[in-house]
Amino acid sequence: MALSCGIVGLPNVGKSTIFNALTRSAQALAANYPFATIEPNVGEVPVPDPRLGVLAELSRSERIVPATMRFVDIAGLVRGAASGQGLGNAFLSHIRETDAVAMVVRCFDDDNVTHVEGGADPLRDIEIIDIEMALADLASLQKRRDKLQREVRANPKEAPKLEALDRLVAVLEAGRPARSFPPGSVEAETAREAFLLTAKPMLYVANVDEAQITEPGPMARAVFEHAARENSRAIAFDGKIEAEFAGMSDDDVAMFRADYGITSGGLDRLIVEAYDLLGLMTFLTTGDKETRAWTIEKGTKAPQAAGKIHTDIERGFIRAEIVAYADYVTFKTMDALRAAGKLRSEGKEYVMQEGDVVEFRFNV
């Protein structure tokens, strides 16, 4: 199953508007009242990659196939969600099923748009969601602790797991997320096995208004500072305008972006940030039939990357013939690349790099 990023936040902060902009659809109900979203909406979104068009032109490809990202628009949360308030139980269970979290917080004042807490305050909103997710995690860890205690009594060698769990509990009770522990640590592994909500990678999305498109205001800047303190990421994003752009032609969007002074698309930045947040990267294949982006996890070796194309290629893997994208663009043809010594032959231990242009050799 494809990795997914859940779009979360308090009710009525712009989650569904952003989801509709991402998916260029109106499948998520965006309304000025709490709980407009009840069941999660799921959308597959192409990952922007200008390299595909360049390679397709060089190879005279018949079609282009981009990588995709899965986004899930999840029901809003209110105070007390961990104890079942609002749609809290649904909210928390749907987050648990995603691989990363994009938390939308409203960073503008508007008397015409209802806020469940009475007014915009992004740091307060973040704290509410953090507390509810931490409470849910603590409940999960308590159940797991009871089981681990029985296991330790039967097998004392399991004690380090219990100690790691207790350190996780201490961090959560101190108001810090489980993702505070470094990847690969016993605590991080324990959090992963327990499917903790606060262990998931976090991207904060500061939903701003039109006045803040080129220069985020104080509320959005506070979100960026909060993200930096916990080594997370943040972007500013005008959900309303991006949703309007989603229904326009590319030429019209370019004209409006120029009018607003926007140099890069908010949607593109959000998709790329979420893609990277999930630890994903892309390798490329190109030919006269198609130019395609293939999604793999960072650190994937060549045979496993080949398996993304077809399991037979992984089983019969001989070698990967690889060209760096920049070299492909510079030399333009395989003959020229070979003559310049830019075509590399890599074996089974080769770790794929972002943007590798690859042709796999294999036995049938």
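Structure shown above.
Bear in mind that the values here come from a model prediction, so they are computed numbers and not experimental data.

*Asks:* So, the pairing of strand E10 (residues 317-324): which residues are in play, and what are the values?
*Replies:* Here seven bridges tie E10 to strand E12 (residues 356-362), and the two strands are oriented antiparallel to one another. When the bridges of E12 are listed, Glu321 appears paired with Glu359. Of the strand pairs in this sheet, E10 and strand E11 (residues 344-346) are connected by three bridges, and their pairing is antiparallel. Residue Ala320 lies in a different strand from E11, and its bridge partner there is Glu346.

*Asks:* Would you mind going over the packing of helix H4 (residues 122-154) against helix H7 (residues 218-229) in detail, with residue names and values included?
*Replies:* Two elements in contact, H4 and H7, have axes separated by 9 Å at closest approach and are oriented at 40 degrees. Overall, the two elements H4 and H7 adopt an arrangement that is oblique. Together, Pro122, Leu123, Ile126 and Asp130 of H4 and Met219, Ala222, Val223 and His226 of H7 make up the contact between the two elements. Here the residues of the contact of H4 with H7 sort into six nonpolar, one polar and one charged.

*Asks:* Run through the pattern of salt bridges, naming residues and quoting values.
*Replies:* The tally for this structure, following the rule as stated, stands at 22 salt bridges. A salt bridge links Arg145 to Asp166, with the nearest nitrogen and oxygen atoms 2.7 Å apart. Remark: Asp166 occurs in helix H5 (residues 159-173) and Arg145 occurs in helix H4; sequence separation between them is 21 residues. Judged by relative accessible area, which is 23%, Arg145 ranks as partly exposed. We note a salt bridge from Glu321 to Arg319, for which the minimum N-O separation is 3.2 Å.

*Asks:* I'd like a rundown of the packing of aromatic side chains, residues and numbers included.
*Replies:* A full pass over the atoms with the stated rule returns four aromatic pairs. Between Phe245 and Phe256, the aromatic rings sit 6.5 Å apart at their centres with planes inclined by 45 degrees, giving tilted as the arrangement. Placement of the pair is Phe245 in helix H8 (residues 239-246) and Phe256 in helix H9 (residues 250-260), with a sequence separation of 11 residues. Judged by relative accessible area, which is 3%, Phe245 ranks as buried. According to the relative accessible area criterion, Phe256 is partly exposed, its value standing at 31%. On the numbers, 5.9 Å between centres and 85 degrees between planes, the contact of Phe283 with Phe360 is edge-to-face. Residue Phe283 is found in strand E8 (residues 280-286), and its partner Phe360 is found in strand E12; the two are separated by 77 residues along the sequence. Comparing Phe283 with Phe360 shows no difference in burial state: the two are buried.

*Asks:* Describe the side chain of Thr285, and please don't skip the residues or the numbers.
*Replies:* Structurally, Thr285 can be placed in strand E8. Separated by 2.9 Å, the side chains of Thr285 and Trp294 make a polar contact. With near-sequence residues (within four places) excluded, Thr285 lies in contact with Glu290, Thr291, Arg292, Trp294, Ile309 and Val358.

*Asks:* So what's going on with the nonpolar core? Which residues, and what values?
*Replies:* The tendency in soluble globular proteins is for nonpolar side chains to be buried as a group. Grouped together as the largest cluster of nonpolar side chains are 61 residues, with contacts concentrated most on Leu22, Met69, Phe71 and Met103. With near-sequence residues (within four places) excluded, Phe71 lies in contact with Cys5, Ile7, Phe19, Leu22, Asn41, Val42, Gly43, Val45, Leu270, Ile271 and Ala274.

*Asks:* Please provide a residue-by-residue account of the sheet that holds strand E1 (residues 4-8), values included.
*Replies:* Taken in spatial order, the six strands line up as E2-E4-E1-E5-E6-E7 in an open sheet, and their pairing is mixed. Bordering the open sheet on either side are strand E2 (41-46) and strand E7 (233-237), each of which pairs with just one other strand. The sheet shows a mean angle of 25 degrees between the axes of neighbouring strands, taken without regard to direction. Bridge count between E2 and strand E4 (residues 68-73): six bridges; the pairing is antiparallel. Looking at the pairing, Val42 lines up with Val72 of E4.

*Asks:* Run through the state of the cysteines, naming residues and quoting values.
*Replies:* Going through the model one piece at a time under the given rule, you end up with zero disulfides. A disulfide-free cysteine, Cys5 has its sulfur positioned 17 Å from the sulfur of Cys107, the nearest such atom. Residue Cys107 is classed as buried on the basis of its relative accessible area, which comes to 1%.

*Asks:* Outline the packing of H5 against helix H6 (residues 186-193), supporting the account with residue identities and numerical values.
*Replies:* Where H5 meets H6, the axes come as close as 9 Å, and the angle between the chain directions of the two elements is 85 degrees. Considered as vectors, H5 and H6 are oriented roughly perpendicular to each other. Taken together, the residues of H6 that come into contact with H5 (itself represented by Ala164, Leu165, Arg167 and Leu168) are Val186, Glu187, Thr190 and Ala191. Looking at the contact of H5 with H6 residue by residue, the class counts come to five nonpolar, one polar and two charged.

*Asks:* Give me unusual backbone geometry: which residues, what numbers.
*Replies:* Phi at Asn12 is positive, roughly 65 degrees, even though this residue is not glycine. Relative to the helices and strands, Asn12 resides in the loop between E1 and helix H1 (15-23). Look at Phe195: it is not a glycine, yet its phi comes out positive at around 55 degrees. With respect to the helices, strands and loops of the structure, Phe195 is situated in the loop between H6 and strand E6 (202-207).

Conventions and cut-offs
- Residues numbered from 1 in each chain as written.
- Predicted model: local features only at pLDDT ≥ 70, side-chain atom pairs only at ≥ 80, totals over all residues.
- Heavy atoms only, no water.
- Pairing = 2+ DSSP bridges.
- Helix = DSSP H or I, 4+ residues; strand = E, 2+ residues; numbered from the N terminus.
- Axes fitted to C-alpha atoms, helices over the stretch in contact; angles between N-to-C directions.
- Parallel < 35°, antiparallel > 145°, perpendicular 65-115°, else oblique.
- Contact = heavy atoms within 4.5 Å.
- Nonpolar A, V, L, I, M, F, W, Y, C, P; charged D, E, K, R; others polar.
- Salt bridge = Lys/Arg side-chain N within 4 Å of Asp/Glu carboxyl O.
- Buried < 20%, exposed > 50% of the residue type's maximum accessible area, 1.4 Å probe, protein only.
- Phe/Tyr/Trp six-rings, centres within 6.5 Å; stacked < 30°, edge-to-face > 60°.
- Polar contact = N/O pair within 3.5 Å; in protein donor to acceptor, adjacent residues only side chain to side chain.
- Core = buried A, V, L, I, M, F, W, Y, C linked by side-chain atoms within 4.5 Å.
- Disulfide = S-S within 2.5 Å.

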